Every structure is written in C-alpha cells, then in structure tokens.
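# Close look at the chain arrangement
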Amino acid sequence: MAEISSTPPLTRRSVADAHALIRPHIHATPVVTSRALSELASTPRSRNNNDGDGAARPRLRLWFKCENLQRVGAFKVRGAFHALERLKREPGWAEGGGRERGVVTHSSESPLTPPTGNHAQALALAARENNIPAHIVMPTVSMPAKIAATKGYGARVYLSGSTSAEREALAAQVMTDTGGARLIPPYDHPDIILGQGTVGLELQEQAAQLMATTDPYGTASSYSSSSSSSSSPLASPPRLDAIMTPCGGGGMLSGADDAKRGFERGQRVTSVSSATIADGLRTPLGEWPWRIIYERRLVSGMYSVTDDDIRAALRLVWERMKLVVEPSAVVGLAVALYNEDFRAMVEREAGERGWDLGLVLSGGNIGLDAVPGMLL
C-alpha cells in the first residue's frame, strides 16, 4: 500500500483518476432495472392486516449495479487493483526490491462464521496480473473453496487463528519474514476507498443512459424534451436521486449495524460481535471511511434491516431477477422494501415524482451448499 502521505485527496476527481487507472483490469458491470421489484418497493406494507393502512407509500424506481458479475465475483477487485497501481507508482518501491517482496493482507471478516474472502481473492488476482507475490492470511475456519480459490490466483495462503488479533499478528510476522512485504488492508485506506468508489461513477453514468433511452416506468416526460423541440436541451437531465450500498468496513460507502449506531451517536463503533446472515458486513467501520461518512457528512443516512428482511430480498433477486448474489449484496434492496423509516423519508421528500434509487449488488460469492440455509 502506498504511504498515506502520498495518497490523493478523497474527491470525485480523484475517484475518476482511480477509474482511469483500473479500467483495463475490471469489468464495467451492467446496470439493470426490475419493474417487478420497483412495484413491490412502491407498494405499502400491510400493518395489522389493514391492507397497508398507515404504512409509507413511496414511489421507487430501482436501478441495480451488478458487481456480483465483477471479476472474482465482487466489487473488492476495484480497490485491490487501485492499491497495487498506486503502490507501483510510489517512488523507490520497485527499485528497492518492493516488487520481489510482494504484498500481504489478512481477511477482515468476523470469526463467528467462515469469511467470504472477497478481498483476499481480489488482491491475489491483482498481484498475479502484476507479477507480484501475494501473501494472504486467512483464518483456519475459512471455507475450503475460498482457500482454494485464493491459491488458484497464485497467492501463498497462511492459516491463522480466528480472531483479528491472531490474523494481524501473523500478517506482521509474514511482513518481517519477507523482508518487508507491503500490507494492503481490505478497506481502511484512501487508495482502497478510491478504487471502490469507481462503482458509484459507473452507476451514475450507466443509469443516466438507461433513463434517457428506456422508459420502463412511464416517466419519459421527466427525462427527455418533447418531440416537437428535439433541438432543445433536456427538460430535466436524467439522474439518480440517491445511491444506497451495503456497509461493512465502509470502503465502498465510505459496517453492519455498527455503522448506523455510530452515525447516530457521533462516535465510531470499533468492534462488532453480531451474528448475521450478511457475513460480509461483520466488520467494524474503518477510520478512513468514518471520516467520509460522518466527519465530512457525505452520507445522508444509515439504515438497518433484519436477517428475515435480507432473506426475503435475497429470494426476490434470485427468483425475479435470476441473479446469483450473496446476502450482503441485497441489504440495500431490503431497506428499500422493508425499512419503514427509509420508505417514509422517500415518500416525504420525493412526493408524487418518486425516487430513482441506485442499489449496488456488491457480490455473488456463495457456495451451493449454503443456499438452503440462506432461505430458511
């Protein structure tokens, strides 16, 4: 990882620069919409069997960024490639033997259940394509398929105890043994955040193009000028009203429920011990993401949902959209469908026009053997 002192400021311009660096290495994943899920999100939820009496009545048009179709099956590859591209440009790193010593990381997921290992696989792939050795520390409770996949990308895997302290200690030992392999953290560094932020740039641009050329919701008048004045500018340029992403360490959003609690209290929660089906979100919000989310006020709100809500949203994506996604990926959709605070806010602020809401399907790394348990 490049030294903090050399990282660019966290701005839209620097995210665009990051996108230019990693574009040759990533997929421009598609943005899709679902009229069926948008109609469900716009339907009042029933309360006390009163057919939705008193429930929020938002109008929502949903646009999904399919990072489950990204390389290694998750958005994490964006941050990993950007971190390596920035490291390669650090003065003296290659000349001083940095390329030969390689890079190291450790899994950031909770020890309560097997981790998803998305960052581990992403860094292993990025290192292989740059001919740089990758040293990956993973807990012994990791699923064999995840360990095999990481090794398959050419990384050397070190198995550690399941606690974060044990993983970090082993990573430090690997750095010593290799003579200074550089640590690439999974989310808590500006270079990672800038790489992950490229999801947002693509989502905004792709959704705007779709809005300007398709009309699945009968709202063409909002997006284009009338046919009688084709030379006039757009009456209202197409754009998303909001983007909602899952939040674990915060590298893409910049937690699980810890992020919401910290946001509301004004103090970052530094440890997480919750059990949830959304295993990719069981990690505390990092210091750098906290600065963006809370101190710079670049996130307007945080919402949480239950495991039952996540399971229901997961089933809808699998059955209605025919997309393979992991539980963490549908947390934003679950909020849009089931969180009454969020739904009431949209109804209040958007009125009759409603919102065009961008949702990031962050990953699709699940094993078939785990599917039955996710639907119970």
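These numbers come from a predicted model, not from an experiment.

### Here's the deal with the overall build of the chain
Along the chain, the regular secondary structure elements total 15 helices and eight strands. Of all 376 residues assigned to the chain, the portion counted as buried reaches 53%. Total accessible area on the chain is roughly 16400 Å²; 50% of this is exposed by carbon and sulfur atoms.

### Side note on helix α7 (residues 164–177)
Taking 1.5 Å of rise per residue, 14 residues should cover 20 Å, and α7 covers 20 Å from first to last C-alpha, within 8% of that figure. Against the buried residues of α7 lie β3 (103–106), β4 (134–139) and β5 (156–160).

### A word on the packing of helix α5 (residues 118–129) against helix α6 (residues 144–152)
The contact between α5 and α6 brings their axes to 8 Å, and the two run at 15°. For the element pair α5 / α6, the angle class is roughly parallel. The crossing of α5 and α6 is left-handed. Contacts between α5 and α6 pair Ala-120, Gln-121, Ala-124 and Arg-128 from the former with Lys-146, Ala-149, Thr-150 and Gly-152 from the latter. For the contact of α5 with α6, the residue count by class is three nonpolar, three polar and two charged.

### Notes on the nonpolar core
Counting residues in hydrophobic clusters, the biggest one holds 37 residues, and the most contacted among them are Leu-60, Leu-62, Val-325, Leu-333, Phe-342 and Leu-357. Elements that contribute at least two residues to this core include exactly α2 (35–41), β2 (60–66), β7 (242–244), α12 (307–321), α13 (331–338), α14 (340–350), β8 (355–361) and α15 (371–375). Beyond its immediate chain neighbours, meaning those up to four positions away, Val-325 contacts Asn-68, Leu-314, Val-317, Trp-318, Val-330, Leu-361, Gly-363, Gly-364 and Ile-366. Counting residues in hydrophobic clusters, the runner-up holds 27 residues, among them Ala-83, Val-103, Ala-155 and Ile-192.

### Quick notes on the sheet that holds β8
Reading across from one edge, β1-β2-β8-β7 is the order of the four strands in this open sheet, with mixed pairing throughout. Only two strands of the sheet have a single neighbouring strand rather than two, namely β1 (31–33) and β7. Averaged over all adjacent pairs, the angle separating strand axes in this sheet is 30°, with direction ignored. In terms of strand pairing, β2 meets β8 through seven bridges, oriented parallel. What sits directly across from Leu-60, in β8, is Trp-355.

### A few points about the pattern of salt bridges
Applying the stated criterion to the full structure yields 17 salt bridges. Residue Glu-67 is joined to Arg-78 by a salt bridge in which the shortest nitrogen-to-oxygen separation is 2.8 Å. Of the two residues, Glu-67 sits in the loop between β2 and α3 (76–88) while Arg-78 sits in helix α3, which places them eleven residues apart along the sequence. There is no split in this pair, since Glu-67 and Arg-78 are both buried. Across the pair Arg-353 and Asp-356 runs a salt bridge whose closest N-O atoms are separated by 3.6 Å. Look at Arg-353 and you get partly exposed, because its relative accessible area is 37%.

### Examining the sheet that holds β5
Sheet strands pair by backbone hydrogen bonding; their relative direction is either parallel or antiparallel. Reading across from one edge, β5-β4-β3-β6 is the order of the four strands in this open sheet, with parallel pairing throughout. Each edge of the open sheet is held by one strand with a lone partner, namely β5 and β6 (182–183). Where β3 and β4 come together, four bridges link them in parallel fashion. Within the sheet, the bridge partner assigned to His-106 lies in β4 and is Val-137.

### A short note on the confidence of the model for the chain
Model confidence for the chain is summarised by a mean pLDDT of 84, while 83% of its residues fall at 70 or above. The least confident element of the chain is helix α9 (residues 220–223), whose mean pLDDT is 47; the most confident is β2, at 97. Segment residues 109–115: pLDDT under 50, and 26 contacts once partners within four positions in sequence are set aside and those in other chains are kept.

### Details of the packing of aromatic side chains
This structure, assessed with the given rule, holds two aromatic pairs. Judged by centre distance (5.2 Å) and plane angle (80°), the ring pair of Tyr-303 and Phe-342 falls under edge-to-face. Residue Tyr-303 is located in the loop between α11 (287–295) and α12, and its partner Phe-342 is located in helix α14; the two are separated by 39 residues in the primary sequence. For Phe-342, a relative accessible area of 3% puts it in the buried group.

### What to know about the pairing of β4
Along β4, six of the six residues are buried, which leaves the element largely enclosed by surrounding structure. Here β4 shows a buried face lined by Ala-134, Ile-136 and Met-138 and a second buried face lined by His-135, Val-137 and Pro-139. Bridging between β4 and β5 involves five bridges; their strand directions are parallel. Directly across from Met-138, in β5, lies its bridge partner Leu-159. A crossover links β4 with its parallel partner β5, the connecting element being α6, and its sense is right-handed.

### Things to note about the side chain of Asn-68
With respect to the secondary-structure elements, Asn-68 resides in the loop between β2 and α3. Its relative accessible area of 9% is what places Asn-68 among the buried residues. Aside from chain neighbours lying at most four places away, what touches Asn-68 is Gly-73, Leu-323, Val-324, Val-325, Leu-361, Ser-362, Gly-363 and Gly-364.

Calculation rules
Residues numbered from 1 in each chain as written. Predicted model: local features only at pLDDT ≥ 70, side-chain atom pairs only at ≥ 80, totals over all residues. Heavy atoms only, no water. Helix = DSSP H or I, 4+ residues; strand = E, 2+ residues; numbered from the N terminus. Buried < 20%, exposed > 50% of the residue type's maximum accessible area, 1.4 Å probe, protein only. Areas by Shrake-Rupley, 256 points an atom, 1.4 Å probe, with all protein chains shown as cover. Expected span 1.5 Å × (residues − 1). Contact = heavy atoms within 4.5 Å. Axes fitted to C-alpha atoms, helices over the stretch in contact; angles between N-to-C directions. Parallel < 35°, antiparallel > 145°, perpendicular 65-115°, else oblique. Left-handed = near helix turned anticlockwise from the far one by under 90°. Nonpolar A, V, L, I, M, F, W, Y, C, P; charged D, E, K, R; others polar. Core = buried A, V, L, I, M, F, W, Y, C linked by side-chain atoms within 4.5 Å. Pairing = 2+ DSSP bridges. Salt bridge = Lys/Arg side-chain N within 4 Å of Asp/Glu carboxyl O. pLDDT = per-residue confidence, 0-100. Phe/Tyr/Trp six-rings, centres within 6.5 Å; stacked < 30°, edge-to-face > 60°. Right-handed = clockwise from strand over helix to strand, strands pointing away.

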